[in-house]
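Each chain, letter by letter, is given below.
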Amino acid sequence: LNNVINNKYNVGIIRDEGSNGDREMIAAFEMAGFNVFDISINELLKNTNILNNMRGLAFVGGFSYGDALGSANGWYNVIKNNIEINKAFGKFYNRTDTFSIGICNGFQLMSKMGWLDVNFNLIKNDSGKFESRFVPVKVEKNNSIFLKNMEGLKMGIWVAHGEGKLINTTDNKNSINNNCVMRYCDNKYPLNPNGSTDNITGLTSNNGRHLGM
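Report follows, based on the coordinates.

Reading the values: the criteria
- Along each chain, the written sequence defines residue order, and numbers are assigned to residues from 1.
- Residue-level local features of this predicted model are given only where pLDDT is at least 70; pairs of side-chain atoms are given and counted only at 80 or more, and the full residue set underlies all totals for whole chains, interfaces and linings.
- Water and hydrogen atoms were dropped before computing side-chain values, which therefore reflect all heavy atoms in the structure.
- By definition here, a salt bridge exists when the distance from a side-chain nitrogen of Lys or Arg to a carboxyl oxygen of Asp or Glu is within 4 Å.
- Labels follow the DSSP assignment, with helices taken as runs of H or I lasting at least four residues and strands as runs of E lasting at least two, numbered in each case from the N terminus.
- Only strands joined by at least two bridges in the DSSP assignment are considered to pair.
- Lines are fitted to the C-alpha atoms to define the axes, a helix being fitted only along its stretch in contact, and any angle between axes, read from their N-to-C directions, falls within 0 to 180 degrees.
- We call two residues in contact whenever any of their non-hydrogen atoms come within 4.5 Å of each other.
- In this scheme, a residue with accessible area under 20% of its type's maximum is buried, one over 50% is exposed, and one in between is partly exposed, where area comes from a 1.4 Å probe on protein chains only.
- Picture the helix axis, draw a direction to every C-beta atom, and the arc is the one those directions span.
- Here, nonpolar core refers to any group of buried Ala, Val, Leu, Ile, Met, Phe, Trp, Tyr and Cys residues whose side-chain atoms link them within 4.5 Å.

Right, let's get into the pattern of salt bridges. Side-chain pairs of opposite charge can arise whenever the charged atoms involved come near each other. Counted by the stated rule, this structure contains nine salt bridges. Between Asp126 and Lys165 there is a salt bridge, and its shortest N-O distance comes to 2.9 Å. With a gap of 39 residues between them, Asp126 in the loop between strand E7 (120-123) and strand E8 (131-139) and Lys165 in strand E10 (residues 165-168) connect regions that are remote in the sequence. One continuous salt-bridge network, built from bridges that share partners, spans Arg15, Asp22, Arg23 and Asp38.

In space, the nine strands of this open sheet follow the order E3-E1-E4-E6-E13-E12-E11-E8-E9, with mixed pairing throughout. Every interior strand has two partners, whereas the edge strands, strand E3 (35-40) and strand E9 (154-161), have only one. Going across the sheet, the axis of each strand differs from the next one's by a mean of 20°, ignoring polarity. Summarising the sheet, strand E1 (residues 10-15) and E3 pair through six bridges and their orientation is parallel. Bridging from a neighbouring strand, Ile13 pairs with Asp38 of E3. Against the sheet, helix H4 (residues 83-94) contacts E1, strand E4 (56-59), strand E6 (99-102) and strand E13 (210-212), and its axis sits at roughly 125° relative to E4.

Mapped onto the fold, Ile85 is located in helix H4. Take Ile85: its relative accessible area is 1%, and that puts it in the buried class. In this structure, the C-alpha to C-alpha distance between Ile85 and Phe99, residues 14 residues apart in sequence, is 18 Å. Here Ile85 is in contact with Ile41, Leu44, Leu45, Thr48 and Ile79, once residues within four sequence places are set aside.

Across the nine residues of helix H5 (residues 105-113), eight count as buried, placing the element largely inside the fold. All buried positions along H5 are accounted for by Asn105, Gly106, Phe107, Gln108, Leu109, Met110, Ser111 and Met113. Phi turns positive, to about 75°, at Gly114, one or two residues after H5.

Each full turn of the α-helix corresponds to 3.6 residues, which orients residues three or four apart in the same direction. Looking at helix H3 (residues 73-80), one finds that the buried residues are Gly74, Trp75 and Ile79. Considered in projection along H3, the buried side chains sweep an arc of 135° and stay on one side of the axis. Those residues of H3 hidden inside the fold are in contact with E1, strand E2 (19-20), helix H2 (41-46), E4, H4 and H5.

Okay, the nonpolar core next. Among the nonpolar cores identified, the biggest contains 32 residues, and Ile14, Leu57, Phe59, Phe89, Trp115, Phe120 and Leu203 are the most heavily contacted of them. When contributions to this core are tallied by element, the ones reaching two or more residues are E3, H2, E4, H3, H4, H5, E7 and strand E12 (200-204). Ranked by the residues each element gives to this core, the list is headed by H4, at five residues. What Leu203 contacts, discounting residues up to four positions off in sequence, is Phe107, Leu116, Val118, Phe120, Leu166, Ile176, Asn179, Cys180, Val181, His210, Leu211 and Gly212. Residues Val11, Phe29, Ile101 and Val159 belong to the second largest nonpolar core, which totals 20 residues.

Function cannot be read off these values alone, since they describe shape.
Below you can see the structure in the form of structure tokens.
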């Protein structure tokens, strides 16, 4: 990783203790033609300059630190409380040529890091249990680099989470809907498997370069 050539095709797959889905994420980006690098938080502890050579980052799912402190809290606190790692992620995010995606636990992490420009929380599912289902979703009108020109597309996706209910934490309901890129197609359980506000299951940053699902 120390000798990676900086170019627009480098994507780092970010994981921590308890993460999973990283192998599938690596395969997906490789199939899309990217140079993919498997990066653990432990590696960043040794060398934060790794992120300087990445154009994109993917924060994977799973149960970082067993989610013992709540969804992605352990992962977030490792980053927040390490000055150099926190600074490196901030530098990556503030560049104008970068992008990122967070799935499941990775989405929870991105929400805590403030990378999606809206205020929200992810809390326990309305059902009070872990939900693993195949549900239909619809792509909204958006400016996301991942989903633009896909408005109106309906497709099925797998969901697997215990804390996936998205709730708006601002007084302005429109603010979060302006950043919504994907919704569940029905507001009733189990097609909305967690009870998310306005069926939201995907959000993008204002600039369209950072996506959480």
